[in-house]
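Each chain, written out:
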Amino acid sequence: MDRVRARAPDVRTLGVIAVVLVFAALFLGPPLYGQYLPQRISDYLIFGLPALAVALIAGHARLLNVGIGATFGVSAYTVAILSHHSVLNPVLLMLGALGAGVLVSILFSIYAVVATGLEYLLLTLLTTAAFASLPLLSISLTGGENGLGVKGAVDISFGLDPLQGNGFYWLLCAVTAFWCGLSWYLLSSRAGRVMVAIGRNPVRAAAMGYSVHAYQVAVTLYSGLIAASAGWLYALAHAFVFQDLLGLADSVNFVLYSLIGGVDTVLGPLLGTAGLRFLGEYLGQQSTQSQLYVGVALLTVVYLLPSGVVGGLRQLWRLRSRFRSASPIGTGEPGPVEVAGAVEMDRLFSAARDE
Amino acid sequence: MSLEHVAVAAMNGLVVGASLALVAAGLALLFGVLGVLNFAQGDFYMLGAYIVWLALGHGQSFWTGVVAAVLAVGIVGGLALMTMLWPLRDRAHALVLLATLALSLIMEQLAANVFGGDAKPIAAPISARVPIGHTDYPVYDLIVVVAAVVILVGGFVFLKYLKYGIWLRAVAQNRRMASVLGVPVSRVYALAFVLSCGLAAVAGSLLAPLTQVYPTVGLDVNLSAFIVVIAGGLGNFRGAAVIALGLGVAESLGSLWIPGVAVQLMVFGLVIALLILRSQRQRVLVRL
Amino acid sequence: MLELQDLHAYYGRSHVVQGISLRVGLGEGVGLVGHNGVGKTTTLRSIMGHGPRTLGRIAFEGRDLHSAPVHSRARRGLGFVPDAEAVFPEMTVEENIRAGALLRPRADQQHCLETAYQLFPVLAERRVQLAGTLSGGQQKMLALARGLALQPRLLMVDEPSEGLMPINIDLIAGALGRAVDAGVGVLVVDASFHLLKTVCSRLYVMKRGVITGEHQLTEFATPDQLVATYLKGEA
């Protein structure tokens, strides 16, 4: 009996091994494979980071922020604008982009403090839609509808050429690994668990003495930094920024990527991004019906895989280990929530509970 | 800037606001009952417009087309939504949002496939014009405003005094208790879906002569309707209607004095300020 | 009139009600007592038809209720007044009562309103007030008044006295008692000795999902004797 038990692998260890393998494959695989694979994976990573940001702020902290796209876009524009004003130092550009992202995040933090629930969502949504029009206010600065090129060639990206060699790709991998690692660490830390508790029931958390707003501001800034770093990298990789980067389209995409990949995990959003963008490219080449297929894919996820792909896999795994150990451990769902605003948030992400 | 210019701009604003109010009211109704925003609302608007186009192409009158649009989209759309969303009613709201988003994508693609992506013009059924000062204002536009107001007032009366309207509000406010009191909840849901789609179709079909018909004609209305519904206080039928009319007029009047882009920003700013001022209230129920 | 045979109820994995059998007759007041969390509310909800997954027989007036939807159980004459969140908060007191009465002809609807106002005059005073702004106790009275005014054949009430002042407990106990006298069956979950004595002739004791005893109210002269029945045999 005991010997059989001892052999059953610890879920946690398996998880860590899997992650290490994934990242090893990420660093080594595409460069070995060649044929522009690093460039395509770069695209997935650049768009995957904001999806991760969305998962953290909207999934874990349950702040429905549709404005991550705005942060992303503003940071990218900052790089472009600065490069036109003779700022070509890569570190300064990076800091500029991150700083701009922080400023936008501060605005969103203010919203989190003054509003909750769907009104917060609308504030972020409106702001993002408004941002899309901002470049038109000063065409000389931003290039208006024509967009803006990024000056400085490879100097601004530490000498790494996004189009040749693997250096830039490895920079991307390193940034991704950094944010994933940091996010995992924070999520499993006490602060992370408090954040999740606040997301589930802010009233109860406040009653327990936690400063709800402080945590909300913190998570808004953190996810803003992730999105800002992605915007910075985008500007470096594509050397061109345009209005659509600022608006709602990308923001909605990020939400989709994270929802489909699994909003409760760190890798989920990245995988969701890769999957959906790949699907879009493939379908875009095959047919003009891509929207139809994406819609059908979404429906499939909704009815068959509601926790997203990664979340669904996780649940499958949990089911397996439950049968193995034969002890019915509950999943420890939190109790009923009382206040309207908290109810909205809870209801957005979890099924109605009957007790 | 003469008074006449202002009057014309205000009228234009009312026309846009009226159709927006119809779409937003439908959204608010659905939100109140089911607790979610229907991303495909703009696409039912679009379908309404296409059905009018189809009717005209088959030699029917414009008004026949409108009636056909409302019935067809209301019933078929309502049933489709019911089939899709009823199984999800106790699951996470995010899933419902995703499902309606998926429906929206599919509807737009199918519309483009069936009708082509080009914009089809539709002639207004009444080409008469009425003088307002020195300008001749189209009578049809005025009719649109009147029709919208009549429908919205009718909706208000329905919700307040008629049996199914009261049941709708009851289900929105306390579904459990409503069923305990004998209200057939699934029937009420179905009604809410049908009405919501019908309202969108009315708006789409009435506005078709003014905007032309193309697969994404509903998108702008959609976004504005979302804004209106949330700013009006979710599930608040009257609030949504009033704010929609107000915003339509505000944007139209604003563009007299402020150049294009800034008007949009001004409108956004107004709504943002409104929300921040109102952020105390959080109730999510169908009110009148 | 109401008969439960070996009822089991599950919330997900939780086996909350583990095989109970009870009956309530016409014009009979029956109580259900026990500690918090033993499954009393779950039992009532199971009878009404929403919430838990159930196994076992629930028969109302001879017909098996199994799988009948909630609203059709209500239309057969089964009423339920939950312990909380029983009103429509954005409707006035009067609209709340009317909402329940809509299934009846016009004339009856007016009669329902008057009955409710006679039962609890405080409701008449506040007829145009939004129900959500009433105090907790007033909301309970509104729900109960509406429940009684709809003239069910069997009314189930969950913790009517909880949170109420003694004066109001008297009022509702009286109202329920008169309903029983008029031929309505009443199944009430409550802890107030006074209320149980006024309304019920019989009661069941519930402990950890099962019924551990059935008693006549005449067996108890003091509250302590009643409480002793569900403390007895604590492991």
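Think of each chain on its own: its residues are numbered from 1, step by step along the sequence as written. The naming scheme follows written order: chains are lettered A onward, ligands numbered 1 onward. Since the coordinates come from a predicted model, pLDDT governs what is reported: local features require at least 70, and pairs of side-chain atoms require 80 or more to be given and counted, while whole-chain, interface and lining totals use all residues.

Secondary structure elements follow DSSP: runs of H or I no shorter than four residues count as helices, runs of E no shorter than two count as strands, and numbering proceeds from the N terminus. In terms of helices and strands, chain C carries nine helices and 10 strands. Seen through its principal axes, chain C has C-alpha atoms that stretch 50 × 40 × 30 Å. Here the C-beta atoms are placed from the backbone, and a residue counts as buried if at least 20 other C-beta atoms lie within 10 Å of its own, exposed if 12 or fewer do, and partly exposed otherwise. A burial count over chain C gives 46% of its 235 residues as buried. Remark: residues whose backbone-derived C-beta atoms lie within 7 Å of one another are considered to be in contact. Taking contacts inside chain C between residues at least 6 apart in sequence as the whole, the part at least 24 apart equals 66%.

With that settled, the discussion passes to the overall build of chain A. Helix and strand counts for chain A come out as 16 helices and two strands. For chain A, the proportion of its 355 residues judged to be buried stands at 46%.

All names here are of chain A. To estimate the expected span of a helix, count its residues, drop one, and scale the result by 1.5 Å. In a regular helix each residue adds 1.5 Å, so 14 residues correspond to 20 Å; helix α12 (residues 248-261) covers 20 Å between its end C-alpha atoms and thus fits that length. With respect to burial, α12 is a largely interior element, 10 of its 14 residues being buried. For α12, every residue scored as buried is listed here: Asp250, Ser251, Phe254, Val255, Leu256, Tyr257, Ser258, Leu259, Ile260 and Gly261. Just beyond α12, the residue with positive phi is glycine 262, at close to 125°.

Summing up the model confidence of chain A, the mean pLDDT is 78 and the portion of residues at 70 or higher is 81%. Per-residue confidence from the predictor is reported as pLDDT, a score between 0 and 100. The low-confidence segment residues 323-343 of chain A, where pLDDT is below 50, has 23 contacts with residues more than four positions distant or belonging to other chains.

So, on to the packing of helix α4 (residues 68-84) of chain A against helix α11 (residues 212-238) of chain A. All names here are of chain A. A fitted line through C-alpha atoms represents every axis, and for helices the fit uses only the stretch in contact; the resulting angles, taken between N-to-C directions, go from 0 to 180 degrees. With their axes 7 Å apart at the nearest point, α4 and α11 run at an angle of 45° to one another. The angle between the axes of α4 and α11 places the two elements in the oblique class. When you trace α4 past α11, the crossing you get is right-handed. From α4, Ile68, Thr71, Phe72, Gly73, Val74, Ser75, Ala76, Val79 and Ala80 reach across to α11, where they touch Ser223, Gly224, Ala227, Ala228, Ala230, Gly231, Trp232, Tyr234 and Ala235. Partitioned by chemical class, the residues of the contact of α4 with α11 number 12 nonpolar, six polar and no charged. Orientation labels follow simple angle bins: below 35 degrees gives roughly parallel, above 145 gives roughly antiparallel, 65 to 115 gives roughly perpendicular, and whatever is left gives oblique. Note on convention: near helix rotated counterclockwise from far helix by under a right angle means a left-handed crossing. Clockwise means right-handed. Residues are sorted three ways: Asp, Glu, Lys and Arg are charged, Ala, Val, Leu, Ile, Met, Phe, Trp, Tyr, Cys and Pro are nonpolar, and all the rest, Gly among them, are polar.

Turning our attention to the nonpolar core. Considering soluble globular proteins, one finds that nonpolar side chains tend to be buried as a cluster. In terms of nonpolar packing, the biggest core is built from 274 residues, with Ala21, Val23, Ala24, Ala25 and Val228 of chain B touching the most fellow members. Apart from residues no more than four positions distant in its own chain, alanine 24 of chain B is found in contact with Ala225, Val228, Val229, Ala240, Ala241 and Ala244 of chain B. By convention in this section, buried Ala, Val, Leu, Ile, Met, Phe, Trp, Tyr and Cys residues joined through C-beta atoms within 7 Å make up a nonpolar core.

So, about the sheet that holds strand β5 (residues 63-64) of chain C. Residues and elements named next belong to chain C. A pair of strands counts as paired when DSSP detects no fewer than two bridges linking them. Taken in spatial order, the four strands of this open sheet run β2-β1-β4-β5, and their pairing is antiparallel. The open sheet terminates on both sides in strands that have one partner only, identified here as β2 (14-24) and β5. Here helix α1 (residues 40-48) sits on the sheet in contact with β1 (2-11), β2 and β4 (53-60), set at roughly 70° to β2.

This part covers helix α4 (residues 106-119) of chain C. Residues and elements named next belong to chain C. For α4, with 14 residues, the first-to-last C-alpha span of 21 Å sits near the 20 Å given by 1.5 Å per residue. Listed as buried for α4 are Cys112, Leu113, Ala116 and Leu119. Viewed end-on, α4 has its buried residues packed into an arc of 130°, placing them on one side of the element. Opposite the buried face of α4, at more than 90 degrees from it, the exposed residues are Arg106, Ala107 and Glu114. In this structure, the buried residues of α4 make contact with α3 (93-101), α5 (121-125), α6 (136-149) and α7 (166-181). The arc in question is traced by the directions running from the helix axis to the C-beta atoms.

With that settled, the discussion passes to the packing of helix α1 (residues 3-34) of chain B against helix α9 (residues 217-231) of chain B. All names here are of chain B. Two elements in contact, α1 and α9, have axes whose closest approach is 9 Å; the angle formed by their N-to-C orientations is 60°. Classified by the angle between their axes, α1 and α9 sit oblique to one another. Like other packed secondary-structure pairs, α1 and α9 cross with a definite hand, here right-handed. Of the residues in α9, those touching α1 at Ser19, Leu20, Val23, Ala24, Leu27, Ala28 and Phe31 are Val221, Ser224, Ala225, Val228 and Val229. Class assignment for the residues of the contact of α1 with α9 results in 10 nonpolar, two polar and no charged.

Residue and element names in this part refer to chain C. Ordered by their spatial adjacency, six strands build an open sheet running β6-β7-β8-β3-β9-β10, and the pairing between neighbours is mixed. Two strands close off the open sheet at either side, each with one partner strand: β6 (78-81) and β10 (210-216). Within the sheet, the average angular offset between the axes of one strand and its neighbour, ignoring direction, is 15°. Bridge count for strand β7 (residues 154-158) against strand β8 (residues 185-189) is five bridges, and the pairing is parallel.

What follows concerns the environment of threonine 135 of chain B. Residue and element names in this part refer to chain B. Counting through the fold element by element, threonine 135 comes out in strand β2 (residues 135-138). Since 13 C-beta atoms lie within 10 Å of it, threonine 135 is described here as partly exposed. Measuring from C-alpha to C-alpha, the distance between threonine 135 and glycine 233 comes to 37 Å, with 98 residues separating the pair along the chain. Those residues in contact with threonine 135 that sit more than four places away from it in its chain are Glu4 and Val8.

What follows concerns the confidence of the model for chain C. Predicted coordinates in areas of low pLDDT are best not read in detail. All names here are of chain C. Of all residues in chain C, 98% have pLDDT values of 70 or greater, and the mean over the chain is 88. Within chain C, the lowest mean pLDDT, 82, falls on helix α9 (residues 223-231), and the highest, 95, falls on β7. The complex model carries a pTM of 0.79, and its ipTM stands at 0.88.

Now for the environment of threonine 265 of chain A. Residue and element names in this part refer to chain A. Within the secondary structure, threonine 265 sits in the loop between α12 and α13 (267-286). Taking the number of C-beta atoms within 10 Å as the measure of exposure, threonine 265 has 26 and is therefore buried. Sequence separation of threonine 265 and glycine 48 is 217 residues, and the distance between their C-alpha atoms is 13 Å.

The next thing to look at is unusual backbone geometry. Positioned with a positive phi, aspartate 6 of chain C is a non-glycine residue whose angle comes to about 50°. Relative to the helices and strands, aspartate 6 of chain C is located in strand β1.

All names here are of chain B. In this structure, strand β1 (residues 129-132) lies alongside β2, joined through four bridges in antiparallel fashion. What sits directly across from arginine 129, in β2, is proline 138. Linkage of β1 to β2, two consecutive antiparallel strands, is achieved through a turn of two residues, within which glycine 133 is found at a positive phi near 65°.

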